Amino acid sequence: MADMIRPILIHPDPRLKKLCDPVAEITPEIRQLAADMLETMYDAPGIGLAAPQVGVTKRIIVMDCIKDGEPEPMALVNPEVIWASEDLSTYEEGCLSIPDQYADVKRPAEVKVRWLGLDGEVQERQFAGLWATCVQHEIDHLDGKLFIDYLGPLKRQMITRKMEKLKRERARG
Ligand code: K1U
Ligand code: ZN
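Presented here is a report on the structure given in the accompanying data block. (Residues numbered from 1 in each chain as written. Chains lettered and ligands numbered in written order. Predicted model: local features only at pLDDT ≥ 70, side-chain atom pairs only at ≥ 80, totals over all residues. Heavy atoms only, no water.)

We now examine the environment of Leu154. Tracing the backbone through its elements, the reader meets Leu154 in helix α3 (residues 153-172). In the structure, Leu154 is positioned 121 residues away from Leu33 in sequence and 36 Å away in space, judged by C-alpha atoms. (Helix = DSSP H or I, 4+ residues; strand = E, 2+ residues; numbered from the N terminus.)

Put into structure tokens, the structure is as follows:
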């Protein structure tokens, strides 16, 4: 089947708050979902995307943090952080489910992640820089956590109200 751009859910949505289910087996449906997610991410455009953002509450993320040069699309099934550095780094994060809102978030500067590849092989890699920020942001999505959950309640509430307004406007057409 041809790859498909799927609609991205906008916060607040109960599917973005769910703990996602592990993937039991790499099937053709899982491979198609990963391909659709990459298509959706590049179209947005974004540097990452998690399955719940397209309404599928399974533990799958895609990423490509290469700014210039050859694209490096990655699909990670059941990703888990198995090591995190003590040193932290701050990045002004955005989210395709919270359009046009950005805020500084502090996270471990480097993380080692284990996941299942689409070939069914277990893989491990240490991420640094933007890749480390992005992979942690995407794994948070699988645990129902958004970058605004790291902010204070007033800032979080202000952004949530803006998103409710945006959704009302989009619904009116
Ligand atoms: O998960 C998402 O919502 C995707 C998000 C990932 C992310 C961005 C910044 C820090 C951590 C994680 C995005 O891709 S937002 C869009 C974005 O960052 C971007 C868009 C176009 C060019 C470059 C970056
Ligand atoms: Zn996001």
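There is more to say after this.
A separate point is the nonpolar core. Core analysis: the biggest nonpolar cluster contains 18 residues, and Ile61, Met63, Met74, Leu76, Val113, Phe127 and Val135 have the highest contact counts within it. When contributions to this core are tallied by element, the ones reaching two or more residues are β2 (60-63), β3 (74-84), β6 (110-116) and α2 (129-142). With seven residues, α2 is the single largest residue contributor to this core. When near neighbours in sequence (up to four residues on either side) are disregarded, Met74 contacts Leu38, Ile61, Val62, Met63, Trp115, Arg125, Phe127 and Trp131. By size, the runner-up hydrophobic cluster in this structure holds 17 residues, among which are Leu33, Met37, Met41 and Val77. (Core = buried A, V, L, I, M, F, W, Y, C linked by side-chain atoms within 4.5 Å. Buried < 20%, exposed > 50% of the residue type's maximum accessible area, 1.4 Å probe, protein only. Contact = heavy atoms within 4.5 Å.)

Moving on, we come to the coordination of the zinc ion (ligand 2). When a metal holds four donors in a tetrahedron, each ideal angle between them is 109.5 degrees; when it holds six in an octahedron, the ideal angles are 90 or 180 degrees. Only Cys95 (SG), His137 (NE2) and His141 (NE2) from the protein reach the zinc ion (ligand 2) as donors, at distances of 2.1 to 2.3 Å. One chain supplies every donor for the zinc ion (ligand 2), spaced along it as C-x41-H-x3-H. Of this pair, His137 and His141 are both found in helix α2, four residues apart, which corresponds to roughly one turn of the helix. Take His141: its relative accessible area is 1%, and that puts it in the buried class. (Donors = N, O, S within 2.8 Å, 3.2 Å for Na, K, Ca; no water.)

This part takes up the side chain of Ser97. Mapped onto the secondary structure, Ser97 falls in the loop between β4 (88-95) and β5 (98-108). Here the side chain of Ser97 touches Gln53 through a polar contact of 3.0 Å, side chain to side chain. When residues no more than four places from it in sequence are discounted, the contact partners of Ser97 are Ile8, Leu9, Ile10, His11, Leu16 and Gln53. (Polar contact = N/O pair within 3.5 Å; in protein donor to acceptor, adjacent residues only side chain to side chain.)

Bringing the site of ligand 1 into the picture now. Around ligand 1, the structure places 14 residues, and the nearest of them are Ile47, Gly48, Gln53, Leu96 and Glu138. With respect to ligand 1, the backbone of Leu96 contributes an N or O atom lying 2.7 Å from an oxygen atom. In this structure, Glu138 approaches ligand 1 through a side-chain N or O atom, which is 2.6 Å from an oxygen atom. Compared with its free state, where it exposes 530 Å², ligand 1 has 79% of that area covered by protein. At the level of secondary structure, the elements contributing two or more residues to the shell around ligand 1 comprise β4 and α2. Of the residues that constitute the shell around ligand 1, the class distribution is five nonpolar, seven polar and two charged. (Near = heavy atom within 4 Å. Areas by Shrake-Rupley, 256 points an atom, 1.4 Å probe, with all protein chains shown as cover. Nonpolar A, V, L, I, M, F, W, Y, C, P; charged D, E, K, R; others polar.)

With an omega of 0 degrees, the peptide bond running from His11 to Pro12 counts as cis. When you line up the elements, Pro12 lands in the segment before α1 (28-43). Between Ala44 and the following residue, Pro45, the backbone shows a cis peptide bond with an omega angle of -5 degrees. Among the secondary structure elements, Pro45 is positioned in the loop between α1 and β1 (48-50). Residues other than glycine seldom take positive phi values, yet Asn78 does so here, at roughly 50 degrees. Its location among the elements puts Asn78 in strand β3. Despite not being glycine, Asp100 shows a phi value in the positive range, around 65 degrees. For Asp100, the location among the structural elements is in strand β5. On the basis of relative accessible area, Asp100 is assigned to the exposed category, the value being 65%.

These figures come from the coordinates and say nothing about function on their own.
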